[in-house]
There are 2 protein chains.
Amino acid sequence: MREVAVIGVGMQKWGEIWGKSFRDLFAEAGHKALLDSGVDHIDSMYIGCMSGGLFAAQEHIGSLMADYLGVTPIPATRVESACASGGVAVRMGWMEVASGLSDIVLVGGVEKMTDINGDEATFALSTAADTEYEGYQGITFPGLYAMMAVAHMAKYGTTMEQLSAVSVKNHANGALNPSAQYPFTVTMEQVLTSTPVADPLRLLHCSPITDGAAAIILCDVETARKKFNKRPLVVIKGSGQATDTIALHSRKDFTTLNAVKISAEKAYTMAGLTPKDINLAEVHDCFSIAEIMATEALGFFKPGDGGPAAMRGDTSRQGRIPINTSGGLKSKGHPVGATGVAQIIELASQLWGEAGARQISSPRYGLAQNMGGSGGSSVVHILERK
Amino acid sequence: MREVAVIGVGMQKWGEIWGKSFRDLFAEAGHKALLDSGVDHIDSMYIGCMSGGLFAAQEHIGSLMADYLGVTPIPATRVESACASGGVAVRMGWMEVASGLSDIVLVGGVEKMTDINGDEATFALSTAADTEYEGYQGITFPGLYAMMAVAHMAKYGTTMEQLSAVSVKNHANGALNPSAQYPFTVTMEQVLTSTPVADPLRLLHCSPITDGAAAIILCDVETARKKFNKRPLVVIKGSGQATDTIALHSRKDFTTLNAVKISAEKAYTMAGLTPKDINLAEVHDCFSIAEIMATEALGFFKPGDGGPAAMRGDTSRQGRIPINTSGGLKSKGHPVGATGVAQIIELASQLWGEAGARQISSPRYGLAQNMGGSGGSSVVHILERK
């Protein structure tokens, strides 16, 4: 299989975007990525979207977006893996270019979540859990992650302060990101005393409801070197995807994200790297406990040390392994289908040295981890600056 | 890229299946395909599903189905292209095996459409059209295809009898298919006098609402030859995918299915074949007019000759190019996400010589054409018996 480069990126400022529709958001991000890359055509397109049906009463998203991006009649495929839809779309695009079937592929992600009310959005998101055995019993995602947090606290002594340190750090990063939905800092005190949502999780431990899109252009390395060489070459060095039981109650242990672990192992193996080689990571902090568990499952910290590591500052921009320099889902926002694509944008920007005020010093390897539901699916990509 | 074989298939009798849930349907078809192929594992899985959200209040379908098929932690990805979701899933599975990333991949499709009422199902299906410019104005799919039928009649003189001949032929085939939802014959008189739905289309020109799933196992040819050689080798010789505007009103001509034409040209080119080489085809007859237009766009008949060809019997099991020997969407049923996968099952069964009472004499090349919306997306596969 061929090596694949990221040669262009595009997104808008995320938030409650009432002036742009579902299709507008995607087309805007797509056009920005096309312009940024300098390509004169694309061969194919993938779109990550969790629930066009429930959020926007719109399926057939491949046809819609190819139409509104002005790129028909190319193949355009929508992929879904709940909140990991964007990451899985990246994997599909990578596979298509790596296989030799296409040379230039656009991968985008989009979700328009604020056109329905809060109750409806909570219901739509709950369809990422096991509808028959979880959703219909009344539990939604804050409750599921609260149970994971309680289990992690009971087993490892993880504290409210440790959970809150994740939110404080991600908002500190997001405050430097012009695309972030909530680009402001929060204090430990503010997080600890914010409105309770599902005990022990409080509002500032939870990622928000967001409208937004993100897009990247993938290209085989040979063509990228020849035609699109205005930046350092950034390639996808490893890709791993895995599943776990969709329902939390089917797992032996609530404190381990097995799909994350397995998808990471696959990506490390493909890349010939270990967790120690990684210079920064974007991880799926849909709730603060998720970041702690993900950093453990990815091998950055041993089980139970994810919370203390956040408190020590190991995951800050100046720390041993900066996590979510973009602000993460918490501060940047979480338009579910777009999140996994935006993670790649942050890594590419950092590897290109274009991350502005939040730039870390010359990273070589970046890792993105995107997760569906309560960890029922996970996809990991490792990027390298050549 | 490597050549890819179809080595196992599975589905259940389709219909209003009130005793089995969304997940049960998929797991049943998947298990049958696994047993039929004789594989001891799969490396990855794709699931075609149009709207798990609106039909079954369930997204995150990759995780759910991997869980209930008992194959976690393998990668499992749901793909959507409205009623072409199944065909696009086949293309993804083919690409993964052809690329060398995996050797054995399960591709399934599923839709559970009768757990909501008729109004809700009509709405869910309408999200395959342009929601903002078509759906919200009140038009649904029978109306869209009725406009295409009227345009085709006006331009080419296509008649009600020609439209109806398609339904008569497909029910004659479906009557011989144990998996068909409506396995009975209908007469020309019955079709012509059935309940009007959207003028000129009557009930027996329309495919039904269906519960069902279908699954196939794909494998690289080398492994298939070595380990799974109980049947003649059937390979995917060509794959093509294309898009068109999602809204009908954006097209210059209502009588031509451009995405079908382009996806077919790509598949013919990859296979090194022409329409004349094809011995049978499964095409997307969501409405009888769609079969007529598809047989023209695929190059089997010249524009305007699709209707007369159906009347002449050219598309019957004994005709020049048998179309929809399975009974098609009309008689076999149309669980939208599963349809494209079931088309491959019919082709493989015919190429293996296992199609029972509806077997045609020793075909070598079969073509499957699966379409989304009013032709906003199309995917074509060509299979060969080696």
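Since the model is a prediction, treat every value here as computed from it, not as a measurement.

**Q** Give a detailed account of the overall build of chain A, specifying residues and quantitative values.
**A** From N to C terminus, chain A includes 14 helices and eleven strands. The C-alpha atoms of chain A give a radius of gyration of 19 Å, which matches the 21 Å a tight globule of 386 residues would have. In terms of its C-alpha atoms, chain A occupies a principal-axis envelope of roughly 55 × 45 × 35 Å. Scored against the burial criterion, the 386 residues of chain A give a buried share of 69%. Of the accessible surface of chain A, which amounts to about 11,800 Å², a share of 53% is contributed by carbon and sulfur atoms. Considering chain A, the positive charge centre built from 32 side chains and the negative charge centre built from 38 side chains are found 7 Å apart.

**Q** Break down the interface of chain A and chain B for me, with residues and values.
**A** Many analyses report the size of an interface as the accessible area lost when the parts associate. Across the boundary between the two partners, chain A contributes 62 residues, which contact 62 residues of chain B. Across the chain A/chain B interface, buried area totals approximately 4,600 Å², and carbon plus sulfur atoms make up 54% of it. If you sort the residues of chain A by the area they bury against chain B, His60, Glu80 and Thr243 of chain A come out on top, with a joint share of 15%. Where chain A meets chain B, there are six salt bridges. The partner of Arg78 of chain A in a salt bridge is Glu80 of chain B, and the shortest N-O contact between them spans 3.0 Å. Our enumeration of links across chain A and chain B arrives at 36 residue pairs in polar contact (both at pLDDT 80 or more). Elements represented by at least two residues in the side of chain A that touches chain B include exactly α2 (52–56), α3 (61–69), β3 (76–80), α4 (85–99), β8 (234–243) and α10 (258–271) of chain A. Looking at the side of chain A that touches chain B residue by residue, the classes come out as 31 nonpolar, 20 polar and eleven charged. Summarising the sheet, β3 of chain A and strand β3 (residues 76–80) of chain B pair through three bridges and their orientation is antiparallel. Within β3 of chain B, the residue paired with Val79 of chain A across the bridge is Val79 of chain B.

**Q** Which residues make up the relation of the copies chain A and chain B, and what values go with them?
**A** For the pair chain A and chain B, the relating rotation is 180°, the translation along its axis is 0.0 Å, and the fit reaches an RMSD of 0.0 Å. The symmetry that links the two subunits is that of a two-fold axis. A high fraction, 100%, of the interface residues of chain A reappear at the interface in chain B, so the copies pair face to face through one surface.

**Q** So what's going on with the pattern of salt bridges? Residues and values would help.
**A** Under the criterion given, the structure shown has 45 salt bridges over all chains. One salt bridge connects Arg23 of chain B with Asp130 of chain A, and the closest N-O pair in it is separated by 2.7 Å. Of the two residues, Arg23 of chain B is situated in helix α1 (residues 22–37) and Asp130 of chain A in the loop between α5 (118–126) and α6 (141–156); the pairing between them involves two chains. Among the ionic contacts, a cluster of salt bridges with common partners joins Glu3, Lys237, Arg364, Glu384 and Lys386 of chain A.

**Q** Describe in detail the pairing of strand β4 (residues 104–112) of chain A, supporting the description with residues and values.
**A** Every other side chain in a regular strand lies on the same face of the sheet, so the side chains alternate between the two faces. All names here are of chain A. Most of β4 is tucked away: nine of the nine residues are buried. Of the two faces of β4, the one carrying Ile104, Leu106, Gly108, Val110 and Lys112 and the one carrying Val105, Val107, Gly109 and Glu111 are both buried. One ladder, built from five bridges, connects strand β2 (residues 44–48) with β4; its direction is parallel. In the sheet register, Ser44 faces β4, and the bridge partner there is Val105.

**Q** Describe in detail the nonpolar core, supporting the description with residues and values.
**A** Ranked by size, the top nonpolar core spans 115 residues in total, and within it Tyr145 and Phe300 of chain A together with Tyr145 and Phe300 of chain B carry the most contacts. Counting residues per element, this core draws most heavily on α6 of chain A, at seven residues. When residues no more than four places from it in sequence are discounted, the contact partners of Phe300 of chain B are Tyr268, Pro275, Ile278, Ala281, Thr295, Arg320, Ile321, Ile323 and Leu367 of chain B. One finds Ile236 of chain A together with Ala214, Trp352 and Val379 of chain B within the second-largest nonpolar core, a separate group that totals 74 residues.

**Q** An account of the packing of α6 of chain A against helix α11 (residues 288–297) of chain A is requested, with residue identities and associated values reported.
**A** Residue and element names in this part refer to chain A. At their nearest, the axes of α6 and α11 sit 9 Å apart, and the two run at 60° to each other. When the axis of α6 is compared with that of α11, the two are oblique. Crossing handedness for the pair α6 and α11: left-handed. The segment α6 lies against α11, with Tyr145, Met148, Ala149 and His152 engaging Ile289, Ala290, Ile292, Met293 and Glu296. Looking at the contact of α6 with α11 residue by residue, the class counts come to seven nonpolar, one polar and one charged.

**Q** Run through helix α5 (residues 118–126) of chain B, naming residues and quoting values.
**A** Counting along an α-helix, one turn takes 3.6 residues, and residues three or four places apart therefore face a common direction. Residues and elements named next belong to chain B. Every buried residue of α5 is accounted for by Ala121, Ala124, Leu125 and Ser126. Buried residues along α5 sit against α2 (52–56), α6 (141–156) and α14 (336–352). Its side-chain oxygen placed 3.2 Å from the backbone nitrogen of Asp119, Asn117 serves as the N-cap of α5.

**Q** Talk me through the pairing of strand β1 (residues 4–11) of chain A; I want residue IDs and the actual numbers.
**A** Residues and elements named next belong to chain A. Where burial is concerned, most of β1 is hidden: eight out of the eight residues are buried. The sheet contact formed by β1 and β8 spans two bridges and is antiparallel. By the bridge assignment, Val4 is partnered in β8 with Ile236. Pairing analysis gives seven bridges linking β1 to strand β7 (residues 211–220), with the strands arranged antiparallel. When the bridges of β7 are listed, Val6 appears paired with Leu218.

**Q** I'd like a description of α14 of chain B, backed by residues and values.
**A** Residue and element names in this part refer to chain B. Counted at 1.5 Å a residue, the expected span for α14 with its 17 residues is 24 Å, and the 25 Å between its end C-alpha atoms agrees. The element α14 is largely enclosed, with a buried count of 17 among its 17 residues. Count one or two residues on from α14 and you reach Gly353, which has phi positive near 80°.

**Q** Let's hear about the packing of α1 of chain B against helix α3 (residues 61–69) of chain B: which residues, and what values?
**A** All names here are of chain B. Where α1 meets α3, the closest approach of the two axes is 9 Å, and the angle between their N-to-C directions is 60°. If you check the angle between α1 and α3, you find them oblique. As α1 runs across α3, the sense of the crossing is right-handed. Note on element contacts: α3 touches α1 through Ile61, Leu64, Met65, Tyr68 and Leu69, opposite Phe22, Arg23, Phe26, Ala27, Gly30, His31 and Leu34.

**Q** Quick rundown of the packing of aromatic side chains? Include the residues and the values.
**A** Residue and element names in this part refer to chain A. Evaluated as defined, the whole model comprises six aromatic pairs over all chains. Measuring from centroid to centroid gives 6.4 Å for Phe141 and Tyr145, while their planes differ by 40°, and the two rings are tilted. Taken as a pair, Phe141 and Tyr145 lie in helix α6 at a separation of four residues, close to a single helical turn. With a centroid separation of 5.8 Å and 50° between ring planes, the pair formed by Tyr182 and Phe184 is classed as tilted. Take Tyr182: its relative accessible area is 29%, and that puts it in the partly exposed class. Under the relative-accessibility criterion, Phe184 is labelled partly exposed at 40%. The side chain of Arg23 reaches across the aromatic face of Tyr68, ending 4.5 Å from its centre.

Definitions and cut-offs
- Residues numbered from 1 in each chain as written.
- Chains lettered and ligands numbered in written order.
- Predicted model: local features only at pLDDT ≥ 70, side-chain atom pairs only at ≥ 80, totals over all residues.
- Heavy atoms only, no water.
- Helix = DSSP H or I, 4+ residues; strand = E, 2+ residues; numbered from the N terminus.
- Rg over C-alpha atoms; globule rule 2.2 N^0.38 Å.
- Buried < 20%, exposed > 50% of the residue type's maximum accessible area, 1.4 Å probe, protein only.
- Areas by Shrake-Rupley, 256 points an atom, 1.4 Å probe, with all protein chains shown as cover.
- Lys, Arg positive; Asp, Glu negative; His and termini not counted.
- Charge placed at Lys NZ, Arg CZ, Asp CG, Glu CD.
- Contact = heavy atoms within 4.5 Å.
- Buried area = accessible area lost by both parts, 1.4 Å probe.
- Salt bridge = Lys/Arg side-chain N within 4 Å of Asp/Glu carboxyl O.
- Polar contact = N/O pair within 3.5 Å; in protein donor to acceptor, adjacent residues only side chain to side chain.
- Nonpolar A, V, L, I, M, F, W, Y, C, P; charged D, E, K, R; others polar.
- Pairing = 2+ DSSP bridges.
- Least-squares fit on C-alpha atoms with pLDDT ≥ 70 in both.
- Core = buried A, V, L, I, M, F, W, Y, C linked by side-chain atoms within 4.5 Å.
- Axes fitted to C-alpha atoms, helices over the stretch in contact; angles between N-to-C directions.
- Parallel < 35°, antiparallel > 145°, perpendicular 65-115°, else oblique.
- Left-handed = near helix turned anticlockwise from the far one by under 90°.
- Expected span 1.5 Å × (residues − 1).
- Phe/Tyr/Trp six-rings, centres within 6.5 Å; stacked < 30°, edge-to-face > 60°.
- Lys NZ or Arg CZ within 6 Å of the ring centre and 35° of its normal.

As far as function goes, none of this settles anything; it's purely spatial.
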